[in-house]
Amino acid sequence: MNALLIRLVCGLLFAAMALGAVVHPPKDLTQGLGMLLPMSMLLGYAIKGSPRRSLIPKRKAAPPPPDVSGT
């Protein structure tokens with residue numbers, strides 16, 4: 001599926017959850033904290049997109065030093 005479409009859907013789901021929290025506020029702190037986790041995940045995905053591999057390449061391991069034995 002197109003990444004832009006997924007980000008748009010996540011943004012719309014976040015907006016719907018935020019609007020639902022405003023219209024029907026949580027009854028206690030634990031319910032409010034329980035709503036924050038999925039909302040933060042949706043918002044993060046909508047803003048940043050899917051996690052990608054690092055753009056900075058990993059350093060390769062240095063080759064072992066040459067053996068300098070005399071015989």
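Residue numbering note: each chain is counted from 1, following its sequence as written. In keeping with the predicted nature of the model, local features appear solely for residues at pLDDT of at least 70, side-chain atom pairs appear and are counted solely at 80 or more, and the whole-chain, interface and lining totals rest on all residues. To obtain the side-chain values, all non-hydrogen atoms of the structure were used and water was disregarded.

1. Section: the overall build of the protein chain
Here is step 1 of the chain: Each helix and strand in the protein chain was counted, giving two helices and zero strands.
Here is step 2 of the chain: Here the protein chain holds 71 residues, and 10% of them are scored as buried.
Here is step 3 of the chain: Here the accessible surface of atoms and residues is derived via Shrake-Rupley with a 1.4 Å probe, and residues count as covered only by protein chains that are part of the display. When the accessible surface of the protein chain is totalled, it reaches about 6,600 Å², and 70% of it is carbon and sulfur. Only DSSP runs of H or I with at least four residues qualify as helices, and only runs of E with at least two residues qualify as strands; both kinds are numbered from the N terminus onward. Three exposure classes are used, based on accessible area relative to the maximum for each residue type with a 1.4 Å probe and protein chains only: buried under 20%, partly exposed in between, and exposed over 50%.

2. Remarks on helix H2 (residues 29-48)
Here is step 1 of the chain: Here the expected span of a helix is defined as 1.5 Å times the quantity of residues minus one. Taking 1.5 Å per residue as the helical rise, H2 with its 20 residues ought to reach 28 Å, and the 28 Å between its terminal C-alpha atoms agrees with that figure.
Here is step 2 of the chain: It only takes one pair of heavy atoms within 4.5 Å for two residues to be counted as in contact. Structurally, H2 contributes buried residues whose contacts are with helix H1 (3-23).
Here is step 3 of the chain: Directly after H2, the chain includes Gly49, whose backbone phi takes a positive value near 85°.

3. Digging into the environment of Pro26
Here is step 1 of the chain: Structurally, the position occupied by Pro26 is in the loop between H1 and H2.
Here is step 2 of the chain: Using a relative accessible area of 32% as the deciding quantity, one classes Pro26 as partly exposed.
Here is step 3 of the chain: Each residue touching Pro26, except ones within four places of it in the same chain, is listed here: Ala21, Gln31, Gly32 and Met35.

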